[in-house]
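# Examining the three-dimensional arrangement
One letter stands for each residue in the lines below.
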Amino acid sequence: MSNSSADEKIVVGQINGIFGVQGWVKIFSHTDPRANILDYSPWWIRCKGEWKQVKVLDSKVQQGGKTLVALLENVHDRDLAREFMGCEIAIERSQLVNPAEELYWIDLIGCQVSTQEGIVLGEVTGLVETGAHDVLRVEGPHGDLIPFVMDEFIRSVDLDAKQIVVNWEVEAEQ
């Protein structure tokens, strides 16, 4: 899938449990804040390797904000809900707020990271949320964890070229 595709599916969570007897499912969310996943409908659910579009009929934040639950269309009992356990939840890129104007983590994964001097550090394989700021996980010849702080460490991001230029010193090889 191309990152520029308007109908690209972006994984935003997973169904990780059942809730009650009327078909509600528990949700593990990758969104920030976590409850944002409940703002999207329809969802694309991947079960047994196949994507299926599902409308969210209702959703709630339970137990002091720690548990997210949703009621999906055509899921009316506990047994049907159980079939969705472990399934990924995705949305289409077109559902995002300002998809062309915002940087999303999914867009940074796979970007090549180089220093201002042109030294290739590696490729972004993930991001880590630390509380203070997000951190790029870069794997490659000079892989490292690089704080995603614009201007200080991140000099430029070119999503079309899948290139990130950083202000970062490369450790001398021993």
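Structure first, text after, so check above.
Residues numbered from 1 in each chain as written. Predicted model: local features only at pLDDT ≥ 70, side-chain atom pairs only at ≥ 80, totals over all residues. Heavy atoms only, no water.

Our focus in this paragraph is the sheet that holds strand E11 (residues 144–147). The 6 strands lie next to each other as E11-E10-E9-E8-E13-E12, forming an open sheet whose pairing is mixed. Of all strands in the sheet, those with a lone pairing partner are E11 and strand E12 (154–158), marking the two edges. On average, adjacent strands in this sheet sit at an angle of 35° to one another, irrespective of strand direction. Both strand E8 (residues 112–115) and strand E13 (residues 163–166) contribute to a ladder of 4 bridges, which runs parallel. Bridge pairing links Gln112 to Gln163 in E13. (Pairing = 2+ DSSP bridges. Helix = DSSP H or I, 4+ residues; strand = E, 2+ residues; numbered from the N terminus. Axes fitted to C-alpha atoms, helices over the stretch in contact; angles between N-to-C directions.)

This model, assessed by the stated rule, comprises 1 disulfide. A disulfide bridge connects Cys47 with Cys87, and the sulfur atoms are separated by 1.8 Å. Judged by the torsion about the S-S bond (115°), the Cys47/Cys87 disulfide is right-handed. You can see Cys47 sitting in strand E3 (residues 43–47) and its partner Cys87 sitting in the loop between helix H1 (78–82) and strand E7 (88–92), a full 40 residues away along the chain. (Disulfide = S-S within 2.5 Å.)

Next up on the list: the pairing of strand E6 (residues 67–72). Consecutive side chains of a regular strand alternate in pointing toward one face of the sheet and then the other. Of all the 6 residues making up E6, 6 are buried; the element is thus mostly covered by neighbouring parts of the structure. Across the two faces of E6 the burial is the same, with Thr67, Val69 and Leu71 and Leu68, Ala70 and Leu72 all buried. Pairing analysis gives 4 bridges linking strand E2 (residues 24–29) to E6, with the strands arranged antiparallel. Within E6, the residue paired with Trp24 across the bridge is Leu71. Summarising the sheet, strand E5 (residues 56–62) and E6 pair through 6 bridges and their orientation is antiparallel. Within the sheet, the bridge partner assigned to Gln62 lies in E6 and is Thr67. Hairpin connection between E5 and E6: a loop of 4 residues separates the two successive antiparallel strands, and Gln63 in this loop has a positive phi of roughly 45°. (Buried < 20%, exposed > 50% of the residue type's maximum accessible area, 1.4 Å probe, protein only.)

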